[in-house]
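Report on the structure
Okay, here's what each chain looks like letter by letter:
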Amino acid sequence: MTDLTRRNMIQGTLAGLSAAGVGGALPALAVPQKPAKVGFKLCELWNNPTAPEITIAKQIGVTHVITSGGLGRGRKEDYLALAQKHKATWDAVGMTIAGVEGHPTPFENLKAGTATAADEIEQAKWAIEALSKVGVKMICYNFMAGLGWTRTNTKLPERGGALTSEFDASDPRMQAPIPRFGEISEEKMWANLTKFLKEVIPVAEKFKVKMALHPDDPPLSPLRGIARICTSARNYRRAMDIVPSPMNGVTFCQANFKLMGEDIYALAKEFTSKKKVFFIHFRDVEGNKQKFHETFHDNGPTDMPRLLKIYSDAGFDGPIRPDHAPAIASDNVGAGGSSGYTMGAKVLAFGYMRGIMEALKLPYA
């Protein structure tokens, strides 16, 4: 079994153009022009501006990036300088940061509610301020304590022998507790999330940074002794009601909401219409939360064009990225590699997404 986090897998905005005001003899009567809606901002998750994937992305027309934020475990007093440096490295290669994913600073203790949780919450506040000051206005975070994105197999054959990831709850290794934290109850997880949101969302409001909560993956609770609470639409509504705010919202990771057993078409419309979808993970799966595998973006059971149209019609205007694509032959993952974050099938995914958007006349950048 491989216990994988997004941070492990990724190691190795376009701003809207403001129309000019109308000149003339009576400038006081000129009507300010509203910036045109950008719509979907196509992007991908990278941390290395010099990686070959960046060149490929630019060649296929992708100019937005989702990053870690570049803050890591540095001193909070240095966060602004680190964020400025991080932004400059991406500017230099022609990529605009559309948001941060995978926690800009450590979140493990604040999620588990350990004695040092308060320190991490304080660091998160500083990170929000620093990122805001360099123009990064969206943070995708999760509340999976102890164990993040988890799969039991990353080399399951998919179409044509491509390698994809799989989760199987019956795997005996999924029954083993996590020594670092032991068991954590659902009540404790809700208390930890409540404390985090009550302290952090007011700071996010002040600096206009959207906090996009990612679903638990898999949305199964408990997992190895630790409760998971971002596992249903009902729980998401509860989380957003803890601190009602335009900055408290959702990363709409399609496959996870599907695995929850939700009507993802109705839910996509509900959350997007309420302006609560800040970021979209465009992906699909076969199976249920007990056992599932990732599909290519064009051969899963979900009506992907229908979802894109729902988001757009409901007013979505933000980053979207194709997630968890199988590894194809050109990715050459080898014995030690795995699927999910390689670039080969992402090229297909971007083409598929753009084709849908062009056909349905959905705005994108």
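These numbers were taken from a predicted model, which means no experiment stands behind them.

1. Some points on the packing of helix 7 (residues 233–242) against helix 9 (residues 264–273)
Between helix 7 and helix 9, the shortest axis-to-axis distance is 12 Å and the interhelical angle comes to 10°. It follows that helix 7 is roughly parallel to helix 9 by the angle criterion. Taken together, the residues of helix 9 that come into contact with helix 7 (itself represented by Ala 233, Tyr 236, Arg 237 and Met 240) are Leu 267, Glu 270 and Phe 271. Partitioned by chemical class, the residues of the contact of helix 7 with helix 9 number five nonpolar, no polar and two charged.

2. Observations concerning the side chain of Glu 120
Locating Glu 120 in the fold gives a position in helix 5 (residues 117–133). Every residue in contact with Glu 120, bar those within four places of it in the chain, is listed here: Pro 106, Phe 107, Glu 108, Asn 109 and Leu 110.

3. Details of the pattern of salt bridges
Where charged atoms from two side chains of opposite charge come close, those side chains can pair. The final tally for this structure, using the stated rule, is 23 salt bridges. As a salt-bridge pair, Asp 91 and Lys 87 come within 2.8 Å of each other at their nearest N and O atoms. You can see Asp 91 and its partner Lys 87 sitting in helix 3 (residues 79–92), four residues apart, about one turn around the helix. On the accessibility criterion, Asp 91 (42% relative accessible area) is partly exposed. Asp 298 is paired through a salt bridge with Arg 159; the nearest N and O atoms lie 3.0 Å apart. Note that Asp 298 is positioned in the loop between strand 11 (291–294) and helix 10 (304–313) and Arg 159 in the loop between strand 5 (153–157) and strand 6 (163–168), a separation of 139 residues in sequence. When salt bridges that share partners are traced, they join Glu 44, Glu 101, Arg 321, Asp 323 and Lys 346 into one network.

4. A look at unusual backbone geometry
Apart from glycine, the bulk of residues carry a negative phi angle, and the bulk of peptide bonds sit in the trans form. Residue Pro 218 is reached from Asp 217 by a cis peptide bond, and omega for that bond is 0°. Checked against the element boundaries, Pro 218 lands in the loop between strand 7 (210–214) and helix 7. Following Ser 221, the chain continues to Pro 222 via a peptide bond in cis, the omega torsion being -5°. A positive phi is found at Lys 275, a non-glycine position, where the angle reads about 60°. Looking at the element boundaries, Lys 275 is found in the loop between helix 9 and strand 9 (277–282).

5. Here we look at the state of the cysteines
Going through the model one piece at a time under the given rule, you end up with zero disulfides. Of all cysteine sulfurs in the structure, the one in Cys 253 sits closest to Cys 140, which takes part in no disulfide; the separation is 8.4 Å.

6. Things to note about the packing of helix 9 against helix 10
In the contact formed by helix 9 and helix 10, the axes pass within 9 Å of each other and the chain directions differ by 20°. In terms of axis orientation, helix 9 runs roughly parallel to helix 10. Relative to helix 10, helix 9 is oriented so that their crossing is right-handed. Only Arg 306, Leu 307, Ile 310 and Tyr 311 of helix 10 make contact with helix 9, whose side of the interface consists of Ile 264, Tyr 265, Ala 268, Lys 269 and Thr 272. The class makeup of the residues in the contact of helix 9 with helix 10 is six nonpolar, one polar and two charged.

Rules used throughout
Residues numbered from 1 in each chain as written. Predicted model: local features only at pLDDT ≥ 70, side-chain atom pairs only at ≥ 80, totals over all residues. Heavy atoms only, no water. Axes fitted to C-alpha atoms, helices over the stretch in contact; angles between N-to-C directions. Helix = DSSP H or I, 4+ residues; strand = E, 2+ residues; numbered from the N terminus. Parallel < 35°, antiparallel > 145°, perpendicular 65-115°, else oblique. Contact = heavy atoms within 4.5 Å. Nonpolar A, V, L, I, M, F, W, Y, C, P; charged D, E, K, R; others polar. Salt bridge = Lys/Arg side-chain N within 4 Å of Asp/Glu carboxyl O. Buried < 20%, exposed > 50% of the residue type's maximum accessible area, 1.4 Å probe, protein only. Disulfide = S-S within 2.5 Å. Left-handed = near helix turned anticlockwise from the far one by under 90°.

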